[in-house]
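Structural overview
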Amino acid sequence: MIALPLVAPGIFMVQNWNDNFVAKRFQMATRSASRTIAFIAIDKKSLDAIGIWPWPRRVYAELIDRISAAGAGDIFIDVDFSTPSQKSEDDKLAAGLDRAGGSVLLPVFRQQVTAKGSETAITKPIGLLAEKSWPVFANVALDPDGNVRRFSLGEESDAVSTQSAAATLAKSDRHTGTSLIDFSIRPDTVPTFSLSDVLNGHVGADALRRRSIVVGASATELKDIFPVPIYGALAGPMIHILAAETLLQHRDLRTFNQMPLELLFSAVLIVVALTWRSIGIASLAILTGASGVAIEIGAFLLQAEFGFIIGTAVPWLILLLSFLMFLNERLDFGQMLIVVANVERRNTRRLMERVIQDSSDGVIAFDSRLKIMEASHSARQLFNTTVGKDLSADADPHIVEAVQVLIARQCADPSKIHSTTMEFSTQVGEKIVHFEAVITISPNERTDAIQRDAGFAGCLILRDVTARRLYHDRLRYLAEHDELTGLLNRREFAARLDVSKETDRIAVLDVERFSGVCATLGRDTGDDVLRAIATRLRSEFGESPIARLAGDVFAVALSSLDLQEAEVVALRLLDLFEAPIAVGFTSVPVGIRVGVAQAADDSAENRVREAESALDLVRSVPGRRWAQYDPASAVRQARARRLETDMREALLQSQFFLLYQPQIELASGRLIGAEALIRWQHPEFGLISPVEFIPIAESTGLICEMGRWALIEACKTAADWPGDTTVAVNVSPIQFAQSDVEEIVHEALAVSGLAASRLCLELTESTFLEQGGPTIEKMRRLREAGISIALDDFGTGYSSMSYLASLPLDKLKIDQSFVRIMNADDGVLEIVKAVVSLAHGLKLGVVAEGVEGKPEVETLQRLGCETGQGYFFGKPQQAEELFRPKVTHLAFGK
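Residues numbered from 1 in each chain as written. Predicted model: local features only at pLDDT ≥ 70, side-chain atom pairs only at ≥ 80, totals over all residues. Heavy atoms only, no water.

Here we look at the overall build of the protein
Across its full length, the protein carries 33 helices and 34 strands. The C-alpha radius of gyration of the protein comes to 54 Å, more than 25% above the 29 Å expected for a compact globule of 894 residues. Taking the principal axes of its C-alpha atoms as reference, the protein extends roughly 140 × 110 × 50 Å. In the protein, buried positions account for 45% of the 894 residues. For the protein, the share of sequence-separated contacts (at least 6 apart) that also reach a separation of at least 24 residues comes to 68%. Split by element, the accessible area of the protein, about 45600 Å² in all, is 55% carbon and sulfur. Averaged over its 91 positive side-chain charges, the protein has a centre that lies 5 Å from the centre of its 114 negative ones. (Helix = DSSP H or I, 4+ residues; strand = E, 2+ residues; numbered from the N terminus. Rg over C-alpha atoms; globule rule 2.2 N^0.38 Å. Buried < 20%, exposed > 50% of the residue type's maximum accessible area, 1.4 Å probe, protein only. Contact = heavy atoms within 4.5 Å. Areas by Shrake-Rupley, 256 points an atom, 1.4 Å probe, with all protein chains shown as cover. Lys, Arg positive; Asp, Glu negative; His and termini not counted. Charge placed at Lys NZ, Arg CZ, Asp CG, Glu CD.)

A short note on the packing of aromatic side chains
Under the definition given, this model contains 11 aromatic pairs. Plain terms: the ring middles of tryptophan 680 and phenylalanine 693 are 5.8 Å apart, the flat faces sit at 85° to each other, and that makes the pair edge-to-face. Here tryptophan 680 is found in strand 27 (residues 670-682), whereas its partner phenylalanine 693 is found in helix 24 (residues 690-700), with 13 residues between them in sequence. Residue classification places tryptophan 680 among the buried residues on the basis of a relative accessible area of 0%. Taken together, Trp53, Trp55, Tyr60 and Phe81 form an aromatic cluster joined through their ring pairs. Residue placement shows arginine 254 over the ring face of phenylalanine 308; its charged tip is 4.4 Å from the ring centre. (Phe/Tyr/Trp six-rings, centres within 6.5 Å; stacked < 30°, edge-to-face > 60°. Lys NZ or Arg CZ within 6 Å of the ring centre and 35° of its normal.)

What about the sheet that holds strand 16 (residues 418-428)?
Taken together, five strands build an open sheet; the order of strands is 15-14-18-17-16 and the sheet is antiparallel. Strands at the two margins of the open sheet, each flanked by one partner only, are strand 15 (372-375) and strand 16. Going across the sheet, the axis of each strand differs from the next one's by a mean of 20°, ignoring polarity. The pairing of strand 14 (residues 362-367) with strand 15 spans three bridges and is classified as antiparallel. Note on strand 15: the bridge partner recorded for alanine 365 is glutamate 374. Each of strand 14, strand 16, strand 17 (431-443) and strand 18 (456-464) touches helix 16 (residues 397-412); the most contacted strand, strand 16, lies at about 170° to it. Contacting strand 16, strand 17 and strand 18, helix 17 (residues 466-480) crosses the sheet at an angle of about 115° to strand 17. (Pairing = 2+ DSSP bridges. Axes fitted to C-alpha atoms, helices over the stretch in contact; angles between N-to-C directions.)

Side note on the pattern of salt bridges
Scanning the entire structure with this criterion turns up 49 salt bridges. Notably, a salt bridge pairs arginine 593 with aspartate 510, separated by 3.1 Å at the nearest N-O pair. Placement of arginine 593 in strand 24 (residues 592-598) and of aspartate 510 in strand 19 (residues 503-511) is noted, with a sequence separation of 83 residues between them. As far as the burial class goes, arginine 593 and aspartate 510 line up, both buried. The network of salt bridges with shared partners includes Asp19, Asp143, Asp145 and Arg149. (Salt bridge = Lys/Arg side-chain N within 4 Å of Asp/Glu carboxyl O.)

Focus: unusual backbone geometry
Put simply, tryptophan 53 and proline 54 share a cis peptide bond, and its omega is 0°. One non-glycine residue, arginine 513, adopts positive backbone phi at about 50°. Mapped onto the fold, arginine 513 is located in the loop between strand 19 and helix 19 (514-521). Using a relative accessible area of 65% as the deciding quantity, one classes arginine 513 as exposed.

Some remarks on the packing of helix 20 (residues 523-541) against helix 21 (residues 566-576)
With their axes 11 Å apart at the nearest point, helix 20 and helix 21 run at an angle of 130° to one another. In this view, helix 20 runs oblique relative to helix 21, as classed from their interaxial angle. Taken as a pair, helix 20 and helix 21 cross one another with a handedness that is right-handed. Every residue of helix 21 that contacts helix 20 at Arg536, Leu537, Glu540 and Phe541 is listed here: Arg572, Leu573 and Leu576. Considering only residue class, the contact of helix 20 with helix 21 consists of four nonpolar, no polar and three charged. (Parallel < 35°, antiparallel > 145°, perpendicular 65-115°, else oblique. Left-handed = near helix turned anticlockwise from the far one by under 90°. Nonpolar A, V, L, I, M, F, W, Y, C, P; charged D, E, K, R; others polar.)

The structure is reproduced here in C-alpha cells:
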C-alpha cells in the first residue's frame, strides 16, 4: 500500500484508467461553446463544388473578402501554404490578405526533418503570404495512448515567441507551455458552416459578424482527423476551436502532485486496519465502497466547478488493498484453504465415482492387494463381481496374467506409472465378444517420509471392440477380394502367388462380347453372369487361387499336381463354359477366350502380365479361342504399347512427315496429282510403316488429331504446286465419324490458300457402312464445296455394290491387289474390267493403284482407266521431287 502511490503513476494501465475517469466526468458535466468562434468547414460538399484539390488560392482570397465584408474578427485558415502555387494564384491570395488588413492568421508547423530522426524544422507560409498575415502554431500533439488531450500555447520561432492558434483566437497573453483541453465543451454547439455555402452567399453576414473564424478541413478525404476522448474523433480545426474555448471560458484545467495525499491516505488506512479489529466484514465492505464513492464525487465536483483534474485510480487500488488487509486480520486463511481443499477433494471423489458409474466402458479400480475399490455398472455385469471382492477371482485369466506382469514391473521400479494394453476374446452367451483392456498401475503418494513402500492404485478399463474387430475384418476382406464375385482381387492374387511358389500355370480368361450382353440384357444381368462364372471356377478348381482381375477378366493359378500342358489347361476352361449360364429365367451362352502362361522364377505380377499378353494375342485373331504366352508376340505387343505411348509426343515433336506418290494421266503420261502418305521417323525405332502405327492411332483416337495435321500439311504443300495439280489425302473412318471433318477441311483450305477443286479426300467403305446416313450427308456437303471424294481400296469390301449408286463420289480407286495380278489371272482381269465399266456408267473417274510395270499400264489404257498410281511412276517421295524431270513415264506405247 505504501509502494503503490510511488509506482502506479508510471504504469500505463493506471494512467489509462485515470484518463477514462476524467473523460467520463467531462461527459457527465457538459457545457456549451461561447459561440464567439465559428467554424467554416472544407467539407465534402465544398470539395465537390470546387471539383479539384488543392484549391486555387483565389478561392481563399474570395473567402477572406466575404468574411471580412461580413464584419468578422480574426480569421484563422488552417491550410498549409508553405509551397508556392501559380504566381497569379499566390498574388490573388496575397491581395486578399492585404485587403483583410492583417486580421488573417496562417499556420506554422514544427515537423520532423526525417521519419526516424529527432531533428525538427518549422514550416511557414511562403514569404509573399507571410508578410501579409499573422503566424500561429497549429501543431496537434498525441498522448501515448494515441488521443489528443493537450494543446500548445505557443513556441519559439526564429528566437521570436509565437502563440498557438488557440491562444491567439482566445486573445490570451500566454505564449509558452501546454494546457489540457476541456472536452466538456460540446463541439455541436460551435457555429459551423459549409465553405461552399459561404462562397455562394447562403450564410448571412449576421452569422459571421464580430466572431473569430476558423477555416479548415472536416472532410474525411483530407485526413485532418484526430482521435479524442468522448467524441471518438474530431477534425483538427475543431480541436483548435475547443482549445480556444477552454481559454475563453477560463477553464484552465490544472493537475497537481497527488503522491503525498495518496501516501497519507495509505498510512491512515493501515492504522485503521490494525486498530479497528471489531468492525464486521459487511460494515467494512460498506465503508470501503462509500469511501470510493466519496472520492469520485469529490473528484467530479473539483473537475466540473474548479477545473482540478484528479486521478482516482490509485486511491481505488489503495482501498482494495486495505480491504484485503482487513480480511487478512479477521480470517485464518490457512484454515480456509484447508476447508476449501477438503470440499474440493470430496467433490472430486464424487465426480470420479459418477464418471466411473456412468461410463459405457467397464472400469474397475483396485488396490495393491487386488481388492476392487470401485467398479462401473458395466464392469459388474461383465465379470459378475462387486466392490470388495478379489480381482483375480472374477477377471479373465488373460487380464490376471497382465496385472501380475505389471505388478512385477512396479516392484522393480515403484516410482513410475506402468501401463499395458491388450486384447482378448471370451464367450458371452452364444457369441464370441472381443475386448480391449487398458491396465494401469500408479504409485500411491507417501504419507510418511520413512515409509518405503506406499503400495499402488490400479485401474482396469474394458472396452467392447467386437464391432470394430468385425469392421476391420470386413475392411481386410474388401481389400483382398472383389466385392461383386467374392474372388481375390489382382493385388491379393499376386501376393498369394508370390508366397505359394507352387504354381505351374496361370490362365487368364475373358468373356467374348461381354459388353453386348450388358447392353442387351442389362447391367444387372451382366453382374449375375460374372457371379455365375466365379461360381463355376470355384466348383472346378477348388482351393486354387482364383481372381477377378478387372471387368470380365478372371485368372486361375494351377499347381503342377493338377495340370501340366497349356493346351489341357485351356481346353478344360473352354469345356467348363460350353453350357450356357442360367440367370433367372434366362440362359446366357458364354464364349470365353483363354491366355495361358508358364510359371517361371519371376514375380507373380509379371506372370499374370504374361498370361494377359497371351489373352491379348487371342483377342487380336478372330475365331481364336486360346493361346500360350509367346515371348515374340509379347515383344510385338510391348512395341505396340510403346508406340502408343510415344505417339502423342511424336505428333508434338514433328516426328511425322508426309511423302507424296504421283498420280499419272495414263493417256498422256502427265503428272496430274499425288497422294499424301504419312510416315513416322521414330528416334529409337527408325522409320515406322503406317501399316503398324495407323491401327494404334485409330484404337486410341489419336487418329483424329493426326489426320487433321496431315490434311493441313498436305494442303499447305500442294498450294505451291503448279497449275491444277491435285493432292489426295486419306481420311480414317474414325476421324470422319468422331471429328468435324468439314470444319477441318475448310480450315486447311483457308490456311493454305489451296483451291477446293484441287483437294481429293480418299475414304474406305467402312467409313459409311456403320453410320451411312450422317456420313453420306457429310460427303455430299463436302462435294458441294468443290472437294472431290474418292472411294479407296474398291473391290476389297463386301457391300460396295449396294452403296455405290447412292454415294456422292467422284472417283473409284481399284485396289492394288487386283491391278498387280490382272494380267496373270483372267478372272481378276474381268473384275477390273467390270469395275472400270461400272465407274464409267456412274460417271466416276477411275484410279488404279499398284501399277508396277508397263504391261499393267497398257492393259489399263486399253480398258479406259484414266489415272494410274504405283512404283512404275514413282515411289512415295518428297514434294520437291515430284516435279523433277523423269524418264519413267514417257510414251507408254514405245
